[in-house]
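Understanding the architecture of this molecule
Now for the letters of each chain:
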Amino acid sequence: MIKKLFKFILKLISVLVLFSIFMVLLYKWLPVPFTPLMAIRYFENPEEEIQHTWVPRQDISRHLQLGVIASEDQNFVKHSGFDIEAIEKAIEDNQKGKRVRGASTISQQTAKNVFLWPGRNWLRKGLEVYFTFLIETFWSKERILEVYLNSIEMGSGVYGAEAAAQHWFNKSAANLSVYEAAAIAAILPNPGEYRANPASNYINQRINWIVRQMQNYGRFTLE
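Read on for a plain summary of the structure.

Each value, and the rule that gives it
Residues numbered from 1 in each chain as written. Predicted model: local features only at pLDDT ≥ 70, side-chain atom pairs only at ≥ 80, totals over all residues. Heavy atoms only, no water. Helix = DSSP H or I, 4+ residues; strand = E, 2+ residues; numbered from the N terminus. Expected span 1.5 Å × (residues − 1). Buried < 20%, exposed > 50% of the residue type's maximum accessible area, 1.4 Å probe, protein only. Contact = heavy atoms within 4.5 Å. Polar contact = N/O pair within 3.5 Å; in protein donor to acceptor, adjacent residues only side chain to side chain. Salt bridge = Lys/Arg side-chain N within 4 Å of Asp/Glu carboxyl O.

This brings us to helix H6 (residues 122-138). For H6, spanning 17 residues, the distance from its first C-alpha to its last is 24 Å, which sits close to the expected 24 Å at 1.5 Å a residue. Of all the positions in H6, only Arg 124, Glu 128, Phe 131, Thr 132, Leu 134, Ile 135 and Glu 136 are classed as buried. Buried residues along H6 sit against helix H1 (2-29), helix H5 (106-115) and helix H7 (141-151). Structurally, the start of H6 carries an N-cap: the backbone nitrogen of Leu 123 is 3.2 Å from a side-chain oxygen of Asn 121.

Quick look at the structure:
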């Protein structure tokens, strides 16, 4: 009986692993139509409209592409999914009792948003590491950024760059200015509460900081 149970569990794990790899390979080429977070938000508030329009990365302002990298993950093009330096800094700040800044990379956030549910338990964090490894293995950095910019929450019920540009500034994502792109990037830590336009004093401070980071970032190498 124990042997049969062990074989069943082994087969189940094998099926789940193969299915996860299949989904990662599928989304290497196809647009992501919806995410678990979109489904969760819909069931939390069925009356709220889900705003989401997929666009190719070439149709997203390079200001926004640089803005999210400058604000969320400045080592994005260098690391392999995990920013060890940022993780060590977060651990050090936590030990000193300082306010801990998130150490999740764009790759980790993409894995979490596309394949998983919100949460902080060890199972979800372990799966986040697994899916981050998969997308870093099978996707290019350009594809990871494209999926990220089309999938993450950028306002209450607003997902992806095109929907955010239309929602906050009534224009396409391709035509966002530096400050408009920085405003959208500024609300990413809490898009359900913060507003890109009109921006609060706190968000304006973040916008100015992000613009400075963009100016200091150097040459944007992703094509």
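Additional details are given in the paragraphs that follow.
This part takes up the pattern of salt bridges. The full count for this structure, using the stated rule, is 7 salt bridges. Here Glu 128 ties to Arg 124 by a salt bridge, and the two come within 2.9 Å at their closest N and O atoms. Of the two residues, Glu 128 and Arg 124 are both situated in helix H6; the distance of 4 residues between them amounts to about one turn of the helix. The residues Glu 128 and Arg 124 share a single accessibility class, namely buried. Several salt bridges converge on common partners, so that one network encompasses Arg 41, Glu 44 and Glu 153.

Read these as layout, nothing more, since geometry by itself doesn't imply function.
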